[in-house]
Amino acid sequence: SATPSAQATPTSAAPDASAARAEASTAPPVIVTIGLSHNTAPVEVREKLSILEDDWNAASAELVASSDAIEEAAVLSTCNRFEVYVVSSNQPAAIAAVTKYLSTRAKVPLQDLRPHLFFLTGNHAAFHTLRVASGLDSLVIGEGQILAQIRACFLRATDKKEGSAGKILARFLKKAVEAGKLVRDKTGIAKGAVSISSAAVELAELKAPADLGIPTLGSAPESEPLRVAILGAGNMARLLVQHLTSHGVAKMAVFNRTAERVELLQQQFPLAELDVRLLSDLDAAIGEFDLIFASTSATEPLLRKDNVSAALAATGPDPARAAGRKL
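Residues numbered from 1 in each chain as written. Predicted model: local features only at pLDDT ≥ 70, side-chain atom pairs only at ≥ 80, totals over all residues. Heavy atoms only, no water.

Peer 1: Is there a simple way to think about the pairing of strand E2 (residues 72-77) in this case?
Peer 2: A regular strand carries its side chains on alternate faces of the sheet. Within E2, six of the six residues are buried, which leaves the element mostly enclosed by the surrounding structure. Here E2 shows no split at all, with Glu72, Ala74 and Leu76 on one side and Ala73, Val75 and Ser77 on the other all buried. Taken together, the six bridges between E2 and strand E3 (residues 81-88) define a ladder with antiparallel strand orientation. Bridge pairing in E3 links Ala74 to Tyr85. (Buried < 20%, exposed > 50% of the residue type's maximum accessible area, 1.4 Å probe, protein only. Helix = DSSP H or I, 4+ residues; strand = E, 2+ residues; numbered from the N terminus. Pairing = 2+ DSSP bridges.)

Peer 1: Would you mind going over the pattern of salt bridges with me for this structure?
Peer 2: Tallying each qualifying case throughout the model produces ten salt bridges. A salt bridge links Arg277 to Asp275; the shortest N-O distance between them is 2.8 Å. (Salt bridge = Lys/Arg side-chain N within 4 Å of Asp/Glu carboxyl O.)

Peer 1: In this structure, what is going on with the packing of aromatic side chains? I would like to understand it.
Peer 2: The tally for this structure, following the rule as stated, stands at two aromatic pairs. On the basis of an interplanar angle of 85° and a centroid distance of 5.8 Å, the ring pair of Phe255 and Phe289 is categorised as edge-to-face. Of this pair, Phe255 sits in strand E6 (residues 251-256) while Phe289 sits in the loop between helix H12 (282-285) and strand E8 (291-294); the two residues are 34 residues apart in sequence, bridging distant segments of the chain. (Phe/Tyr/Trp six-rings, centres within 6.5 Å; stacked < 30°, edge-to-face > 60°.)

Peer 1: Any chance you could explain the sheet that holds strand E5 (residues 228-231) here in plain terms?
Peer 2: Strand order across the open sheet formed by four strands is E7-E6-E5-E8, with parallel pairing between neighbours. Edge positions in the sheet fall to strand E7 (273-278) and E8, since each of these pairs with one other strand and no more. In this sheet, adjacent strand axes meet at a mean angle of 20° when their direction is disregarded. As judged from the six bridges shared by E6 and E7, these two strands associate in the parallel manner. (Axes fitted to C-alpha atoms, helices over the stretch in contact; angles between N-to-C directions.)

These results come straight from atomic positions and should not be treated as a statement about function.
Take a look at the structure:
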């Protein structure tokens, strides 16, 4: 009697496994969010996952192609967060496929990456994205840049030629953008410093008396103007120029890989005196400036102890500034 029983065990188990797979394949599609942020991961981990905006759609397409469990996909990558939105009827398989993809792309072992990731599904994923779009999960509460980034995610993901979002993700991301706008219209969350750029300028303004020897950023005498540099020429740099000019700083050097982006900034801010510089010339020029803002997508630090020390040593002390300003 033992023999039939032993033979019956695998036979009876097979239909159960098949039923489980069939149930997963016929389950209603659910939104799954997988990601990390400044709340869960240090900058060195976030940098390894960072994807340029122009490559968001390519990454989304790779995710869809990587697993039958992923029906739709969209990617959001910023300085402080990286998130993947997928639609799946088989959540465990989708999560496994996304985490494997991220581990491979970032060249980080899965066991090292996984502790920094969060996994949200259904209503929890929706609630999280609404918080993000509203600026409630930002490093600077209420900052507006994240809403623009989610809108960019929506527009790219729904692009008819290159996007990987279907009806579900399109509606999901559109509602997130609408919620972000509504929160800013109906509440005072956007008052004060509403971006990393504005917060950086306000911090510089606060430090000006002690570190620069001037009451405010815009109060430097014409004979000894404040020497300001901005590294990068993207959206954060644009916001920096906007906030610096509003604080009375008219002259700035903008360093970028190419001159075209800086020239675009010059067109956007015709009243500001923007000096076009190349990032390749940065090391030799560091000592020229009193204040430097870094806002690039570089994965390695541009300002380091070695190149800053070397630049200051080569420049030597500036007698005109020895009385008060710290370089």
